[in-house]
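Analysis of the macromolecular model
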Amino acid sequence: MSASGGTRAIVAALGANLAIAASKFVAFAFSGSSSMLAEGVHSLADSGNQFLLLVGGKKAQRQATPQHPFGYGRERFIYAFLVSIVLFSIGGMFAIYEGYEKIRHPHQLEHWYWPVGVLVFAIIAEGFSFRTAIKESNELRGKLSWKEFIRRAKAPELPVVLLEDFGALIGLVLALGGVGLALLTGDGVWDGIGTLCIGVLLVLIALVLAAETKSLLLGEAAGVEDVKKIEAAIVDGHAVTRVIHMRTLHLGPEELLVAAKIAVEHDDTATEVAKAIDAAEARIRAAVPIARVIYLEPDIYSEAEAAKGPDPEATPGGPTPHPAGH
């Protein structure tokens, strides 16, 4: 994902949410609508989330240090995970609490034109933000469906903004429905029901975001297409005859680690092997530019060893070897 594209979407969402939050709180002050209060807190939480994404993007640009030799690219994943926590705790749970209280203690809305006017304004502003996020995402998702794009994206910013804006638009419709039914029936319970629905929606979106960013934090491999490109780039059919096994890991959205054991000819000299490795690294970087950290280990391919399959005790997360004598 281009950092500039993600930043444009975040800034557009931040500006829209700050304006919307202010208008919602004004509408709540005049009307007493719990939907307006819940939506105001929702927009405020979204604004905080976008600020967190901007901070994470800035911190991720720091240079590597001896203590963090692979850099700080995962800062973007950490801050995206914080976004899901903020959305769940502040946005979702607060709205559920407010909806429950309003259902228990309903009251009629005052100055109904304030919440209705603000909701119409908010739908227009959120629509602009959502349109910007869609435009930036379309440049990257290619033929992927929206579901696949959100699940496979290694850069968290655009999926986060897309889900937030989508949830915000649905929440505004729910709030408008709750306010409208409260006005038509004269029963403030509908305002509380709308608020409760907004809270449930925010919690569901927060859980989806948490699941996706958790996967990124744990460490995801390169996409299928990039793996194929890397494998094809390593093998030249002469000095490097095959890939024995390979591991890839995203150190950040735009930085990939590649570690592979490669097969070389048994009678090659050390100089020839070194040149083969250097050439393979150059081909990998040309094929997949984000492959910036590359470790290639030369070996002699053995069909007998390959037939045994991978060693589970040599795999991270595999069985722990038993102590000697047990």
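Residues numbered from 1 in each chain as written. Predicted model: local features only at pLDDT ≥ 70, side-chain atom pairs only at ≥ 80, totals over all residues. Heavy atoms only, no water.

1. Focus on the packing of helix α6 (residues 157-185) against helix α7 (residues 189-218)
In contact at an axis separation of 7 Å, α6 and α7 are set at 170 degrees when each is read in the N-to-C sense. The angle between α6 and α7 falls in the class roughly antiparallel. The residue makeup of the contact of α6 with α7, split by class, is 16 nonpolar, five polar and one charged. (Axes fitted to C-alpha atoms, helices over the stretch in contact; angles between N-to-C directions. Helix = DSSP H or I, 4+ residues; strand = E, 2+ residues; numbered from the N terminus. Parallel < 35°, antiparallel > 145°, perpendicular 65-115°, else oblique. Nonpolar A, V, L, I, M, F, W, Y, C, P; charged D, E, K, R; others polar.)

2. Considerations on α7
Note that an α-helix has 3.6 residues per turn; residues three or four places apart therefore point the same way. Taking 1.5 Å of rise per residue, 30 residues should cover 44 Å, and α7 covers 44 Å from first to last C-alpha, within 8% of that figure. Gly-219 lies just past α7 and shows a positive phi near 110 degrees. (Expected span 1.5 Å × (residues − 1).)

3. Let's talk about the pairing of strand β1 (residues 240-252)
Examined bridge by bridge, β1 and strand β2 (residues 255-264) share ten bridges and lie antiparallel to one another. Opposite His-245, over in β2, you have Lys-261 as the bridge partner. Linking β1 to β2, which pair antiparallel, is a turn of two residues. (Pairing = 2+ DSSP bridges.)

4. Examining the sheet that holds β1
Spatially, three strands are ordered β1-β2-β3 in an open sheet, and the strand pairing comes out mixed. Every interior strand has two partners, whereas the edge strands, β1 and β3 (291-299), have only one. On average, each strand axis in the sheet is tilted by 15 degrees relative to the strand beside it, whichever way the strands run. Here helix α9 (residues 270-287) sits on the sheet in contact with β1, β2 and β3, set at roughly 145 degrees to β3. (Contact = heavy atoms within 4.5 Å.)

5. Side note on the environment of Asp-191
Looking at the element boundaries, Asp-191 is found in helix α7. With relative accessibility at 0%, the residue Asp-191 sits in the buried group. Separated by 17 residues in the primary sequence, Asp-191 and Leu-174 have C-alpha atoms spaced 9.4 Å apart. Among residues more than four places away in sequence, those in contact with Asp-191 are Ser-33, Ser-34, Ser-35, Lys-102, Leu-109, Gly-178, Val-179 and Ala-182. There is a polar contact of 2.8 Å between the side chain of Asp-191 and the side chain of Lys-102. (Buried < 20%, exposed > 50% of the residue type's maximum accessible area, 1.4 Å probe, protein only. Polar contact = N/O pair within 3.5 Å; in protein donor to acceptor, adjacent residues only side chain to side chain.)

6. Overview of the packing of helix α3 (residues 75-104) against α7
Following both chains from N to C, one finds α3 and α7 inclined at 160 degrees, their axes separated by 7 Å at the closest point. What the angle tells us is that α3 and α7 run roughly antiparallel. Handedness of the crossing formed by α3 with α7: left-handed. (Left-handed = near helix turned anticlockwise from the far one by under 90°.)

7. Things to note about the side chain of Thr-195
Locating Thr-195 in the fold gives a position in helix α7. Residue class for Thr-195 comes out buried when judged on its relative accessible area of 0%. What Thr-195 contacts, discounting residues up to four positions off in sequence, is Ser-34, Ser-35, Ala-38, Ala-95, Glu-98 and Gly-99.

8. A look at the pairing of β2
Of all the ten residues making up β2, eight are buried; the element is thus mostly covered by neighbouring parts of the structure. For β2 and β3, the ladder comprises eight bridges, and the chain directions are parallel. Each bridged residue has a counterpart across the sheet, and for Val-258 the counterpart in β3 is Ile-294. Handedness of the crossover joining β2 and β3 through α9: right-handed. (Right-handed = clockwise from strand over helix to strand, strands pointing away.)

9. Notes on the nonpolar core
Among the nonpolar cores identified, the biggest contains 43 residues, and Leu-53, Val-161 and Leu-209 are the most heavily contacted of them. Contributing elements (two or more residues each) for this core: α1 (3-31), α2 (34-59), α3, α4 (113-141), α5 (146-152), α6 and α7. Sort the elements by how many residues they give to this core and α6 lands first, with ten residues. The residues touching Val-161, leaving out its near neighbours within four places in the chain, are Ala-9, Ile-10, Ala-13, Leu-53 and Ala-133. Of all hydrophobic cores here, the second largest spans 21 residues; its members include Ile-230, Ile-262, Val-264 and Ile-294. (Core = buried A, V, L, I, M, F, W, Y, C linked by side-chain atoms within 4.5 Å.)

10. Considerations on the confidence of the model for the protein
Looking at the protein, pLDDT values average 83 and 93% of them are 70 or higher. Taken together, the stretch residues 1-5 has pLDDT below 50 and engages in twelve contacts with residues farther than four places along the chain or on a different chain. (pLDDT = per-residue confidence, 0-100.)

11. Focus on the packing of aromatic side chains
A complete count under the given rule lists three aromatic pairs for this structure. Geometrically, the ring pair formed by Phe-30 and Trp-114 is stacked, given 4.5 Å between the ring centres and 5 degrees between the ring planes. Taken as a pair, Phe-30 in helix α1 and Trp-114 in helix α4 lie far apart in primary sequence, 84 residues in all. Accessibility expressed as a relative area gives 40% for Phe-30, which makes it partly exposed. Each ring, one from Phe-130 and one from Phe-166, has its centre 6.3 Å from the other, and the planes form 40 degrees; the classification is tilted. (Phe/Tyr/Trp six-rings, centres within 6.5 Å; stacked < 30°, edge-to-face > 60°.)

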